[in-house]
Amino acid sequence: MTIRRLTPKDLSAYRAVWADGLMKVPSAFLFGAEEARAIPNKDVERMLEANLILGAFDDAKRLVGFVSARRGGPRRMQHMADIGPLYVRPEAQRQGVGRALMEAMLEQLAVAGIQQAELCVDVENTGAQALYQALGFHVFGRRPRSVLFDGVGRDDVLMIKALDGADLTRGA
């Protein structure tokens, strides 16, 4: 397996894996399938350039998973990054791909000077929560009705990890 940053040259492969995720695990994404399909390629290419999106490639050099992160926009928020989504194709799951993607992302963020990584995960996605906890994230809250999925509110668990050794658990 190879993990590297995705670029606009990876547009087709990225869109294919993203579409796969939207079909198989729609609750893991903020965009719905129709919304994602409606995004012009040039906008997705800009997203690939602006955000840190890492892809995992199998031995056949096929993209099998990705994870993305966005650094805080205003100067006062540039010490943090939001991670997500993370998606691994079903045939590549349970092989350490998700863990490898997350470890690579955390390393890249730390090298970039990011002090803390945050993410939100569907309250029912206990597998992802277990992975994130194993990587040092801890729960700091819950967002009720974080997203509406087919008109039904879905709660998210909010998780955080210090990348600079700070104790983010005080007061939690």
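Relevant structure appears above.
Scoring rules and cut-offs
- Residues numbered from 1 in each chain as written.
- Predicted model: local features only at pLDDT ≥ 70, side-chain atom pairs only at ≥ 80, totals over all residues.
- Heavy atoms only, no water.
- Helix = DSSP H or I, 4+ residues; strand = E, 2+ residues; numbered from the N terminus.
- Buried < 20%, exposed > 50% of the residue type's maximum accessible area, 1.4 Å probe, protein only.
- Contact = heavy atoms within 4.5 Å.
- Areas by Shrake-Rupley, 256 points an atom, 1.4 Å probe, with all protein chains shown as cover.
- Lys, Arg positive; Asp, Glu negative; His and termini not counted.
- Charge placed at Lys NZ, Arg CZ, Asp CG, Glu CD.
- Core = buried A, V, L, I, M, F, W, Y, C linked by side-chain atoms within 4.5 Å.
- Pairing = 2+ DSSP bridges.
- Right-handed = clockwise from strand over helix to strand, strands pointing away.

### Some words on the overall build of the chain
Right, so step 1: Of regular secondary structure, the chain possesses 5 helices and 7 strands.
Right, so step 2: Helices (α) and strands (β) of the chain occur, in sequence order from the N terminus, as β-α-α-α-β-β-β-α-β-α-β-β.
Right, so step 3: Overall, the chain is about 45 × 40 × 35 Å in size when its C-alpha atoms are taken along their principal axes.
Right, so step 4: In the chain, which comprises 172 residues, the share counted as buried stands at 41%.
Right, so step 5: Across the chain, the fraction of contacts at a sequence separation of at least 24, relative to all contacts at a separation of at least 6, is 61%.
Right, so step 6: Entry remark: accessible area of the chain is about 9900 Å², with carbon and sulfur atoms responsible for 50%.
Right, so step 7: Distance from the positive charge centre (23 side chains) to the negative charge centre (21 side chains) of the chain: 3 Å.

### Describing the nonpolar core
Right, so step 1: Grouped together as the largest cluster of nonpolar side chains are 29 residues, with contacts concentrated most on Ile 83, Met 102, Leu 109, Tyr 132 and Phe 137.
Right, so step 2: Of all elements in the fold, only β2 (52-57), β3 (63-71), β4 (80-88), α4 (97-111), β5 (116-122), α5 (126-134) and β7 (152-162) reach the threshold of two or more residues within this core.
Right, so step 3: In terms of residue count, α4 provides more of this core than any other element does, 7 residues in total.
Right, so step 4: With residues up to four places along the chain from it excluded, the contact list for Phe 137 reads Ile 83, Met 102, Leu 106, Ala 117, Leu 119, Tyr 132, Met 159, Ile 160 and Lys 161.
Right, so step 5: Membership of the second largest hydrophobic core comes to 16 residues, among which are Leu 6, Leu 48, Ile 53 and Phe 66.

### Some remarks on the pairing of β4
Right, so step 1: When you tally the buried positions in β4, you get 7 out of 9 residues, the bulk of the element.
Right, so step 2: Summarising the sheet, β4 and β5 pair through 3 bridges and their orientation is parallel. Following the sheet pairing, Asp 82 is matched in β5 by Glu 118.
Right, so step 3: Of the crossover connections in this fold, the one passing from β4 over α4 to the parallel β5 is right-handed.

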